[in-house]
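What the coordinates show
The chain contents come next:
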Amino acid sequence: MAPTAVIDTSDHSGHALDHVSDMVDEVNILKGQAKKGAAAADYLEENSKFDAEKDKTKFRQYMDACDRVKNFYKEQHTKQTVAYNLRARHLFHSKTRDELTVWEAIEKLNSLVDESDPDTEVTQIMHALQTAEAMRRDGKPRWMQCAGLIHDLGKLLYFYDAEGQWDVVGDTFPVGCAFDEKIIYPGSFCDNPDVDDPVYSTKYGIYSQGCGMDKIMLSWGHDEYLYHVAKAQSKLPDEALAMIRYHSFYPWHREGAYRFFMNEKDHEMLKAVNAFNPYDLYSKSDDMPSVEELKPYYIELIDEFFPQKVIKW
Ligand SMILES: O[C@H]1[C@H](O)[C@@H](O)[C@H](O)[C@@H](O)[C@H]1O
Ligand SMILES: [Fe+2]
Ligand SMILES: [Fe+2]
């Protein structure tokens, strides 16, 4: 609530007026602060008319998905091991793959068609704009719109170090501890060598209860890659970074698995990820936005959070 104040300006003597203008300034500052605070919390409100309008039973129907999706997950669940994840992280930190502006990266990504996604076949630019535009229509803050626009840009990895799509797209899950039944197609881990490992196959594995999600090695892919790029090179707040890092971690944010690893901060971050999710998922049925019309708005938005413009990928 913005503070209210009754200011009596009836005394027109010079000194009193100074005093009045000081008070007005003070009230305006307070109002500004109240507004900022409200805006900051507002983004969490489940106010979204957008979300309410969607028929949620039409999304993420993996049992009815085509073979392309099922085969994708069989391969991913077999190959995402601790050993692979250590190698992928080492490779990531060992070099810069490319130097591009965020908009150039969006354009480069456009040729990728995500094999893991049962819900959309539109191009990546369309999905980026659909997500961001849905947030913008709902009055979400600019940092969140920016996160919406770029959240899948980590899929660029496909053009650099990836071994296929299995280490780029799809839902994520922790490696180094037991694979939870809440992961889609849980039966498809049977050929992953980590299921026979005496440590990796236990509930906590190489981690401990309450250690914090930051310590958990999530299957390598577009979320983790972009998180590191954005953390090092953007001015995005922690909430936006969490949206990027965990947006594909459905077993956690939607199904409630792995909650025993969370620390206090993770509870706040989970709220952010849950606020983000409907815009990512349910905007997939939206109309096609016009890239040319929207480009100027999003270029300005990108510049606000990536002021150095050219990004090391
Ligand atoms: O198929 C989709 C797609 O790859 C998304 O980008 C990812 O965030 C989702 O978690 C996944 O289910
Ligand atoms: Fe994604
Ligand atoms: Fe997405």
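You'll find the protein entered in an unreviewed UniProt entry as Inositol oxygenase, with Zalerion maritima given as the organism. The heading Pathway (unreviewed entry) in the UniProt record of the protein holds the text "Polyol metabolism; myo-inositol degradation into D-glucuronate; D-glucuronate from myo-inositol: step 1/1." The record in UniProt for the protein states the following under Subcellular location (unreviewed entry): "Cytoplasm".

Scanning the protein from terminus to terminus reveals 12 helices and 2 strands. Within the protein, the proportion of its 313 residues that are buried is 50%.

Now for the state of the cysteines. Overall, the coordinates contain 0 disulfides when judged by the stated rule. Counting only cysteine sulfurs, Cys-211 is the nearest neighbor of Cys-177, a cysteine outside any disulfide, at a range of 8.9 Å. Looking at Cys-177, the relative accessible area reads 1%, which means it is buried.

The residues that UniProt annotates with the feature "binding site: substrate" (unreviewed entry) are Arg-60, Asp-114, Glu-115, Ser-116, Lys-155, Gly-170, Asp-171, His-247 and Ser-248. Its location among the elements puts Glu-115 in the loop between α5 (102–109) and α6 (124–137). Those residues within four positions of Glu-115 in sequence are excluded, and the remaining contacts are Arg-68, Val-69, Phe-72 and Gln-165. The buried category is assigned to Lys-155, whose relative accessible area is 4%. The residues contacting Lys-155, other than those within four sequence positions of it, are Leu-109, Leu-112, Asp-114, Gln-124, Val-168, Val-169 and His-222. Within the structure, Lys-155 has its side chain in polar contact with the side chain of Asp-114 (distance 3.0 Å).

Around ligand 1 there are 15 residues in total, and Asp-114, Ser-116, Lys-155, Asp-171 and Ser-248 lie nearest to it. The contact in question runs from an oxygen atom of ligand 1 to an N or O atom on the side chain of Asp-171, over 2.7 Å. Between ligand 1 and His-222 there is a distance of 3.2 Å, counted from an oxygen atom to a side-chain nitrogen or oxygen. Computed on the free molecule, ligand 1 has an accessible area of 300 Å², of which 98% lies beneath the protein chains in the complex. Residue composition of the shell around ligand 1, grouped by class: 4 nonpolar, 5 polar and 6 charged.

For a metal with four tetrahedral donors the ideal donor-metal-donor angle is 109.5 degrees, while six octahedral donors give ideal angles of 90 or 180 degrees. Taken together, the protein ligands of the iron ion (ligand 3) are His-127 (NE2), His-151 (NE2), Asp-152 (OD) and Asp-280 (OD), with distances of 2.1 to 2.3 Å. Taken together, the 4 donor atoms coordinating the iron ion (ligand 3) span angles of 82 to 172° at the metal, a pattern that classifies the geometry as irregular. Spacing between the donor residues of the iron ion (ligand 3) along their common chain follows H-x23-H-D-x127-D. Between the iron ion (ligand 3) and the iron ion (ligand 2) the interatomic distance comes to 3.7 Å, and Asp-152 is a ligand of both metals. A residue pair is termed long-range when its members are at least 10 positions apart, and His-151 in the loop between α7 (142–150) and α8 (222–233) and Asp-280 in helix α11 (residues 264–282) qualify at 129 residues. Across the pair, exposure class does not vary: His-151 and Asp-280 are buried alike.

What follows is about helix α9 (residues 238–246). Across the 9 residues of α9, 7 count as buried, placing the element largely inside the fold. Looking at the buried positions of α9, the neighbouring elements they touch are α7, α8, α10 (250–253) and α11.

Of all hydrophobic cores here, the largest spans 65 residues; its most connected members are Leu-149, Ile-150, Leu-153, Tyr-225, Leu-236, Phe-306 and Trp-313. The residues contacting Tyr-225, other than those within four sequence positions of it, are Phe-92, Arg-97, Gly-154, Leu-156, Leu-157, Tyr-160, Trp-220 and Trp-313. Formed by 24 residues, the second largest nonpolar core is a distinct cluster that contains Ala-242, Phe-249, Tyr-258 and Met-269.

Okay, the packing of aromatic side chains next. A full pass over the atoms with the stated rule returns 23 aromatic pairs. Judged by centre distance (4.0 Å) and plane angle (15°), the rings of Phe-179 and Phe-189 are stacked. Taken together, the residues Phe-179 in the loop between α7 and α8 and Phe-189 in the loop between α7 and α8 connect sequence positions 10 residues apart. For the ring pair Tyr-297 and Tyr-298, a centre distance of 4.9 Å and an interplane angle of 85° mean the geometry is edge-to-face. With relative accessibility at 22%, the residue Tyr-297 sits in the partly exposed group. Given the relative accessible area of 0%, Tyr-298 is considered buried. Through pairs of rings, three or more aromatic residues link up here, namely Tyr-204, Tyr-207, Tyr-246, Phe-249, Trp-252, Tyr-258, Phe-260 and Phe-261. Residue placement shows Arg-60 over the ring face of Tyr-250; its charged tip is 3.4 Å from the ring centre. Across from the ring centre of Phe-260, 4.6 Å away, lies the NZ or CZ of Lys-203, which sits over that ring.

Cut-off values and rules
The numbering scheme is per chain: residues are counted from 1 as the chain's sequence reads. Ligands are numbered from 1 and chains lettered from A, in the order in which they are written. Thresholds applied to this predicted model are a pLDDT of at least 70 for local features of residues and 80 or more for the giving and counting of side-chain atom pairs; totals over whole chains, interfaces and linings are not thresholded and use all residues. Calculated side-chain values reflect all of the structure's heavy atoms, with hydrogen atoms and water omitted. UniProt positions are given in the numbering used here, feature names are shortened, and annotations may be inferred rather than shown by experiment. In this text, helices come from DSSP runs of H or I with a minimum length of four residues, and strands from runs of E with a minimum of two, each type numbered from the N-terminal end. Residue burial is assigned from relative accessible area. The probe radius is 1.4 Å, only protein chains are included, and a residue is buried under 20% of its type maximum, exposed over 50%, and partly exposed in between. The disulfide criterion is simple: two cysteine sulfur atoms within 2.5 Å. Whether two residues are in contact is decided by their heavy atoms, any of which lying within 4.5 Å being enough. N or O atoms within 3.5 Å of each other form a polar contact, as long as, within protein, one can give a hydrogen and the other can take it, and as long as residues adjacent in sequence are counted only when both atoms are side-chain atoms. It suffices for a single heavy atom of a residue to lie within 4 Å of a molecule or strand for the residue to be listed as near it. Note on areas: Shrake-Rupley, 1.4 Å probe, and residue coverage restricted to the protein chains presented here. We call Asp, Glu, Lys and Arg charged. Ala, Val, Leu, Ile, Met, Phe, Trp, Tyr, Cys and Pro are nonpolar, and the rest, Gly among them, are polar. Coordinating N, O and S atoms are those within 2.8 Å of the metal (3.2 Å for Na, K and Ca), and as water is not part of the atoms, a site may appear to have fewer donors than expected. Irregular is the label for any site that misses the other tests, which are tetrahedral for four donors with all angles between 85 and 135 degrees, and square planar for four donors or octahedral for six when opposite donors exceed 155 degrees and the remaining angles lie between 65 and 115. Put simply, a nonpolar core is a bunch of buried Ala, Val, Leu, Ile, Met, Phe, Trp, Tyr and Cys residues held in one set by side-chain atoms that sit within 4.5 Å of each other. Ring geometry is summarised as follows: Phe, Tyr and Trp rings, the Trp one being its six-membered ring, pair when their centres sit within 6.5 Å, and such pairs are stacked at plane angles under 30 degrees, edge-to-face over 60 and tilted between the two. By the criterion adopted, a ring carries a charge over it if an Arg CZ or a Lys NZ lies within 6 Å of its centre and within 35 degrees of its normal.

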